[in-house]
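# Descriptive analysis of the structure
Listed here are the chains, written in short residue letters.
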Amino acid sequence: MSKVSVKIVNKSSNALPQYSTEQAAGMDIRANNPEPIVLAPLECKLIPTGLFIELPVGYEAQIRPRSGLAIKNGITVLNTPGTIDSDYRGEINVILVNLSNEPFTVNMGDRICQMVIAKHEQAEFVQVSTLDDTERGIGGFGHTGVK
């Protein structure tokens, strides 16, 4: 498996992000909040991580929810996936939302999301008056049904 080198500044007291398994696509990102942050039901807050990265040109970092937090606690990431561009040098902050009926507390060092590093390309649009036909055509939003 190939790896890309990403420069990182860690101003938190947490370890660097790491993959939980050898073939994992996402690495765990931890909260860097000296005081607990309570998310009331349906409330969202920006959670600091203390991490700053420098991605190579042609790469992005995607911030995604952790499935365990979602299913067990109703906690997810808004603006999912959040994109960190290669020219961004600010702190990585994560927008968490509580979709449950119970308050949820984020403590220092909690694993709050995962980050995936991915290649990307920029598009060059070519304006035309029509598009090629396909079997699907304009069908969308459940046009194939549930079963």
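Here, every reference points to the structure presented above.
Residues numbered from 1 in each chain as written. Predicted model: local features only at pLDDT ≥ 70, side-chain atom pairs only at ≥ 80, totals over all residues. Heavy atoms only, no water.

### Examining the pairing of strand 10 (residues 93-98)
By the bridge criterion, five bridges tie strand 5 (residues 44-48) to strand 10 in an arrangement that is antiparallel. The partner of proline 48 across the bridge, within strand 10, is asparagine 93. Sheet topology note: the strand 8 (residues 75-77)/strand 10 ladder contains three bridges and is antiparallel. Residue pairing across strands places valine 77 opposite leucine 96, the latter belonging to strand 10. (Pairing = 2+ DSSP bridges. Helix = DSSP H or I, 4+ residues; strand = E, 2+ residues; numbered from the N terminus.)

### Focus: the pattern of salt bridges
Under the definition given, this model contains five salt bridges. With a shortest N-O distance of 3.8 Å, lysine 7 and glutamate 54 are connected by a salt bridge. With a gap of 47 residues between them, lysine 7 in strand 1 (residues 7-10) and glutamate 54 in strand 6 (residues 51-54) connect regions that are remote in the sequence. Taking relative accessible area as the criterion, lysine 7 reaches 54% and is therefore assigned exposed. On the accessibility criterion, glutamate 54 (32% relative accessible area) is partly exposed. For the salt bridge of glutamate 43 with lysine 45, the shortest nitrogen-to-oxygen distance reads 3.9 Å. A relative accessible area of 27% places glutamate 43 in the partly exposed class. Accessibility expressed as a relative area gives 30% for lysine 45, which makes it partly exposed. (Salt bridge = Lys/Arg side-chain N within 4 Å of Asp/Glu carboxyl O. Buried < 20%, exposed > 50% of the residue type's maximum accessible area, 1.4 Å probe, protein only.)

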